[in-house]
Amino acid sequence: MPLFTEVYEQLGQAVTFIGIPTARESRMIAAGDIDAVMAQIDGHQQRNPDLIQVPVPLTQIYITAFVKGEPTTREALLNRETVRLGRLRSLTFGLTWSENVQWVEVNQTRQLIQLLNQGRIDAAISPELSAQYFVIDMGLSDIHRLKTPLASINVYHYIHRDHQHLLPDLTRILLQMEQDGSLLARHNAYRQQLGLPAR
């Protein structure tokens, strides 16, 4: 969050951060109750036409499978008669799966990791950073990620169309941070806090 505090301070704007489930976000955007979405995957504006993408990628996220017990491969995971996979509600990340997959959908990443820890799903499909944060926060030493990500997706900042006058300045500030390497440095510092290698 300090990144956007800093960015909006340069615009003379104070920001307040609120955490909301993905399922509720679209309703709040349509109602005008949200001024911006801190960071979301590319194409988020297609599901929420009131949003405008700031055209500078903040980072890339890696969609990863987390499993309980020994790390495995995607092939080994899916080579079962039936495999129960968990994900956040409505987030497919553009990935396709075989017909032996049964989906369990939840509203929050913490719930996803809890289901995995309880053995109610075989793997949790999630952005690597989100799931790793909760694995550490919940003190779970037996949850591991697949070494090879399933996909990588650019992440962007989005503003409500009512604030489109901020788009040129937001683009300029974020582009400068991308070019001077500070966006990548922040991302890698956070990865390091989570025990993940730099990208």
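Look up: the structure comes first, before these words.
## Observations regarding helix H7 (residues 167-179)
Now for step 1: Given a rise of 1.5 Å per residue, 13 residues ought to cover 18 Å, and the 18 Å separating the end C-alpha atoms of H7 matches this to within 8%.
Now for step 2: Looking only at H7, the buried set comprises Leu170, Thr171, Ile173, Leu174 and Met177.
Now for step 3: Gly181 sits one or two residues past H7 and shows a positive phi near 85°.

## Quick look at the side chain of Arg191
Now for step 1: Here Arg191 lies in helix H8 (residues 182-193).
Now for step 2: On the basis of relative accessibility, which here comes to 0%, the residue Arg191 falls in the buried class.
Now for step 3: Polar contacts involving the side chain of Arg191 include one to the side chain of Glu128, which spans 2.8 Å.
Now for step 4: Excluding residues that lie within four positions of it along the chain, Arg191 makes contacts with Tyr62, Glu128, Leu129, Leu196, Pro197, Ala198 and Arg199.

## Quick notes on the packing of aromatic side chains
Now for step 1: Under the criterion given, the structure shown has 2 aromatic pairs.
Now for step 2: With 5.5 Å between their ring centres and 80° between their planes, Trp97 and Trp103 make a pair best called edge-to-face.
Now for step 3: A residue is classified by how much of its surface remains accessible, and Trp103, at 28% relative accessible area, is partly exposed.
Now for step 4: Relative to Phe134, the ring of Tyr133 lies with its centre 5.0 Å away and its plane at 85°, an arrangement referred to as edge-to-face.
Now for step 5: The class for Phe134 is buried, based on a relative accessible area of 18%.

## Some details on the environment of Gln45
Now for step 1: As for its position among the elements, Gln45 is in helix H3 (residues 44-47).
Now for step 2: Note: C-alpha distance between Gln45 and Tyr158 (113 residues apart in sequence) is 7.8 Å.

## Things to note about the pairing of strand E8 (residues 151-160)
Now for step 1: For E8, the buried fraction is high: 8 of the 10 residues fall into the buried class.
Now for step 2: Bridge analysis of strand E1 (residues 36-41) against E8 gives 4 bridges, and the strand direction is antiparallel. Bridging from a neighbouring strand, Ile41 pairs with Val155 of E8.
Now for step 3: Sheet topology places strand E3 (residues 59-68) next to E8; 5 bridges connect them, and they run antiparallel. Counterpart to Tyr62 in the pairing with E8 is Ser152.

## A word on the nonpolar core
Now for step 1: Counting residues in hydrophobic clusters, the biggest one holds 51 residues, and the most contacted among them are Val7, Tyr8, Ile63, Leu85, Trp97 and Leu170.
Now for step 2: Among the elements that make up this core, the one with the highest residue count is E3 (5 residues).
Now for step 3: Sequence-distant contacts of Val7, defined by excluding residues within four places in its chain, comprise Leu170, Ile173, Leu174 and Met177.

## Some details on the pairing of strand E6 (residues 123-127)
Now for step 1: Counting buried residues in E6 gives 5 out of 5 residues, a clear majority hidden from the surface.
Now for step 2: Alignment of E3 against E6, held across 4 bridges, turns out to be antiparallel. Considered in E6, the bridge of Ala65 is made with Ile125.
Now for step 3: One ladder, built from 2 bridges, connects strand E4 (residues 83-88) with E6; its direction is parallel. The residue bridging Leu85 from the neighbouring strand is Ala123, located in E6.

## Here we look at the pattern of salt bridges
Now for step 1: Within the structure shown, the criterion is met by 10 salt bridges.
Now for step 2: For Arg84, the salt bridge is made with Asp122, and the minimal N-O distance between the two is 3.0 Å. Of this pair, Arg84 sits in strand E4 while Asp122 sits in the loop between helix H5 (109-117) and E6, placing them 38 residues apart in sequence.
Now for step 3: Looking at Asp122, the relative accessible area reads 17%, which means it is buried.
Now for step 4: A salt bridge links Arg199 to Glu128, with the nearest nitrogen and oxygen atoms 3.6 Å apart. In this pair, Arg199 sits in the segment after H8 while Glu128 sits in helix H6 (residues 128-137), placing the two residues 71 residues apart along the sequence.
Now for step 5: Salt bridges sharing partners connect three or more residues here, namely Glu128, Arg145, Arg191 and Arg199.

Conventions used here
- Residues numbered from 1 in each chain as written.
- Predicted model: local features only at pLDDT ≥ 70, side-chain atom pairs only at ≥ 80, totals over all residues.
- Heavy atoms only, no water.
- Helix = DSSP H or I, 4+ residues; strand = E, 2+ residues; numbered from the N terminus.
- Expected span 1.5 Å × (residues − 1).
- Buried < 20%, exposed > 50% of the residue type's maximum accessible area, 1.4 Å probe, protein only.
- Polar contact = N/O pair within 3.5 Å; in protein donor to acceptor, adjacent residues only side chain to side chain.
- Contact = heavy atoms within 4.5 Å.
- Phe/Tyr/Trp six-rings, centres within 6.5 Å; stacked < 30°, edge-to-face > 60°.
- Pairing = 2+ DSSP bridges.
- Core = buried A, V, L, I, M, F, W, Y, C linked by side-chain atoms within 4.5 Å.
- Salt bridge = Lys/Arg side-chain N within 4 Å of Asp/Glu carboxyl O.

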